[in-house]
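Close look at the chain arrangement
Now for the letters of each chain:
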There are 2 protein chains.
Amino acid sequence: MSAAHLIAFDADDTLWSNQPHFDQVEARLLEIIAHCGEPAHLTEQLNAVQRRNMQLFGYGAKPFMLSMIETAIQLTDGAVTGKDIQQIIDMGKELLRYPIEPLPGVVEVLTELRRRGHRLLVLTKGDLLDQESKVARSGLGDLFDHVEVVSEKNEATYRRLLTRYNATPEEFVMVGNSLKSDILPVARLGLRAVHVPYHANWIFEHVDPAQLAGLDFHTVQDVRQVLTLVN
Amino acid sequence: MSAAHLIAFDADDTLWSNQPHFDQVEARLLEIIAHCGEPAHLTEQLNAVQRRNMQLFGYGAKPFMLSMIETAIQLTDGAVTGKDIQQIIDMGKELLRYPIEPLPGVVEVLTELRRRGHRLLVLTKGDLLDQESKVARSGLGDLFDHVEVVSEKNEATYRRLLTRYNATPEEFVMVGNSLKSDILPVARLGLRAVHVPYHANWIFEHVDPAQLAGLDFHTVQDVRQVLTLVN
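No experiment lies behind these values; they were computed from the predicted model shown. (Residues numbered from 1 in each chain as written. Chains lettered and ligands numbered in written order. Predicted model: local features only at pLDDT ≥ 70, side-chain atom pairs only at ≥ 80, totals over all residues. Heavy atoms only, no water.)

On a plain count of helices and strands, chain A comes out with nine helices and six strands. Relative to the compact-globule value of 17 Å for 231 residues, chain A shows a C-alpha radius of gyration of 19 Å, a close match. Principal-axis analysis of the C-alpha atoms places the extent of chain A at approximately 65 × 40 × 30 Å. Taking all 231 residues of chain A together, 56% fall into the buried category. A separation threshold of at least 6 residues defines the contact pool for chain A, and within that pool the share at least 24 residues apart is 73%. (Helix = DSSP H or I, 4+ residues; strand = E, 2+ residues; numbered from the N terminus. Rg over C-alpha atoms; globule rule 2.2 N^0.38 Å. Buried < 20%, exposed > 50% of the residue type's maximum accessible area, 1.4 Å probe, protein only. Contact = heavy atoms within 4.5 Å.)

Put into structure tokens, the structure is as follows:
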């Protein structure tokens, strides 16, 4: 019998699907501004606006809404209609309230890890209210001991987390789909990280594979395999 | 010599001014849509949109930007120009990066409370990234032991806080300008609350005075008086 661990799970695209919803909304935006150019050009513009706004706006649906609006204004040279902008806002509102369904295996894994006596944490970056609302809508809230919403997941964040939850480096495990946020900083600190890839990835979470060279972490194809990695 | 307290300070309009900046932006919005009606009517519309969006969007500059845009679309029946909407977004961006200057007496009070050995906490509701950025821009970060950003300040929030920071009810003190968020729930729990009124108030923080009847809390006209209330 091993000691109790502090096991942190990323939320979006680890506990439930998120990126596909954003991709759908982006596809609808491209339809609204289709007359402004080729899809690849429109996406490039949207990404440039998002990149510029990211430090100021952070992550999540509200920054995405504002960046979509700015993109539509820029690409139409100000000729976008109020009706189109209202449609963008309405699409963004849907991103804040769609039903949240846990991904396959998630409930089973969390229930079993709790039964084994581990402490479970949601660790997610982004918008506080939005993420708290998603945990509530997912019905998973009672399976977690804590919900921690942070503005960035970097090495300093993980160091703070261990202090805040009184966990030794040996006790900590991070599980998530983002190499950039969930794996890289954790592995760099020499902590345990379990990568559960998801089919849809956000462009701003991409990592140069060279950065991963020499780092130690697990990759599993199914979240249920976490149960064999953590006793 | 009394025991060390856990003293929580509200941020906006307690540590630094906030509402006047929002009021200025609102005044500029009213200029942009001045052709749509009397100022009182425009404000009423903006408040109605904000009230509707609050549960979904939460607090802060990004919700305010989105609600201003929706208001402009509604009041112009969709005829608002892309240029006007970009102006609204640019005004909102200013709210996310203006220099933060501590209100008079704040640095003195925090420095002295730390010297006396108390634990100091920023307790603010709103947008995580925005509030963390304000603490950083204020230069006050090093005077606080913790920064806690929450989505709502209600009785459950304060109960959770005491647990999280291992504080007894006797040890806790809340200092802030909002009767609704900083005083009412704290006094209802029988905890110590110090009200430091600010000249500008947000309409959605107004409290019916009847709700305060029979509740015990302090009111001071200058934050420096906290030093005489907490030894």
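Text resumes after the structure shown.
Another aspect to go through is the environment of B:V226. Residues and elements named next belong to chain B. By the secondary structure assignment, V226 is in helix α9 (residues 226-229). Under the relative-accessibility criterion, V226 is labelled buried at 0%. Taking the C-alpha atoms as reference points, V226 and D208, 18 residues apart in sequence, are found 25 Å from one another. Not counting chain neighbours up to four residues away, the residues in contact with V226 comprise V109, L113, V175 and V194.

Before going further, it helps to spend a moment on the interface of chain B and chain A. The interface is formed by 35 residues belonging to chain B together with 35 residues belonging to chain A. Between chain B and chain A the total buried area reaches about 2800 Å² when both faces are included, carbon and sulfur atoms providing 63% of it. Across the contact surface, chain B and chain A share four salt bridges. Linking B:E70 and A:K93 is a salt bridge whose minimum nitrogen-to-oxygen distance equals 3.0 Å. Our enumeration of links across chain B and chain A arrives at 16 residue pairs in polar contact (both at pLDDT 80 or more). When residues of the side of chain B that touches chain A are traced back to their parent elements, those giving at least two are α2 (39-57), α3 (61-75), α4 (82-95), α6 (128-138) and β3 (146-150) of chain B. In terms of residue class, the side of chain B that touches chain A is made up of 17 nonpolar, nine polar and nine charged. (Buried area = accessible area lost by both parts, 1.4 Å probe. Salt bridge = Lys/Arg side-chain N within 4 Å of Asp/Glu carboxyl O. Polar contact = N/O pair within 3.5 Å; in protein donor to acceptor, adjacent residues only side chain to side chain. Nonpolar A, V, L, I, M, F, W, Y, C, P; charged D, E, K, R; others polar.)

The next subject is the sheet that holds strand β3 (residues 146-150) of chain A. All names here are of chain A. With parallel pairing, the six strands of this open sheet are ordered in space as β3-β2-β1-β4-β5-β6. In this open sheet, the two strands that pair with only one neighbour each are β3 and β6 (218-219). Sheet topology places strand β2 (residues 119-125) next to β3; five bridges connect them, and they run parallel. Within the sheet, the bridge partner assigned to T124 lies in β3 and is V149. (Pairing = 2+ DSSP bridges.)

With parallel pairing, six strands are arranged side by side in an open sheet as β3-β2-β1-β4-β5-β6 (chain B). Looking at the sheet topology across the chains shown, the edges are occupied by β3 and β6 (218-219) of chain B.

Turning to the domain arrangement of chain A, a few remarks are in order. Residue and element names in this part refer to chain A. The domain boundaries assigned to chain A delineate domain 1 (6-16 + 101-229) and domain 2 (19-95). Placing a centre on the C-alpha atoms of domain 1 and another on those of domain 2 gives a separation of 28 Å. Domain 1 puts 15 residues into the contact, and the matching count from domain 2 is eleven residues. Approximately 1100 Å² of surface area, both sides summed, lies buried where domain 1 meets domain 2, with 57% of it carried by carbon and sulfur atoms. Its largest share of buried area at the contact with domain 2, domain 1 owes to D127, W202 and F204, together 45% of the area lost on that side. Between domain 1 and domain 2 we count one salt bridge in total. We note a salt bridge from D127 to K62, for which the minimum N-O separation is 3.0 Å. Taken together, the connections running from domain 1 to domain 2 amount to three residue pairs in polar contact (both at pLDDT 80 or more). (Domains from an automatic or database assignment.)

Turning to the nonpolar core, a few remarks are in order. Counting residues in each nonpolar core, the largest one holds 112 residues, and the members touching the most others are A:F9, A:L15, A:I69, B:F9, B:L15 and B:I69. Beyond its immediate chain neighbours, meaning those up to four positions away, A:I69 contacts A:I85, A:I88, A:I89, B:L66, B:I69, B:I85 and B:I89. (Core = buried A, V, L, I, M, F, W, Y, C linked by side-chain atoms within 4.5 Å.)

It is worth spelling out the pattern of salt bridges at this point. A complete count under the given rule lists 32 salt bridges over all chains for this structure. For A:R115, the salt bridge is made with A:E112, and the minimal N-O distance between the two is 2.9 Å. Note that A:R115 and A:E112 are positioned in helix α5 (residues 106-115) at a spacing of three residues, about one turn of the helix. Salt-bridge contacts for B:R224 lead to B:E108; the nearest nitrogen and oxygen are separated by 3.3 Å. In this pair, B:R224 sits in the loop between β6 and α9 while B:E108 sits in helix α5 (residues 106-115), placing the two residues 116 residues apart along the sequence.

Mapping chain B onto chain A calls for a rotation angle of 180 degrees and an axial translation of 0.0 Å; the resulting RMSD is 0.0 Å. When the rotation and shift are considered jointly, the pair of chain copies conforms to a two-fold rotation axis. A high fraction, 100%, of the interface residues of chain B reappear at the interface in chain A, so the copies pair face to face through one surface. (Least-squares fit on C-alpha atoms with pLDDT ≥ 70 in both.)

Mapped onto the elements, A:E70 comes out in helix α3 (residues 61-75). A relative accessible area of 4% places A:E70 in the buried class. Contact partners of A:E70, with chain neighbours within four places excluded, come to A:V49, A:N53, B:Q86, B:I89 and B:K93.

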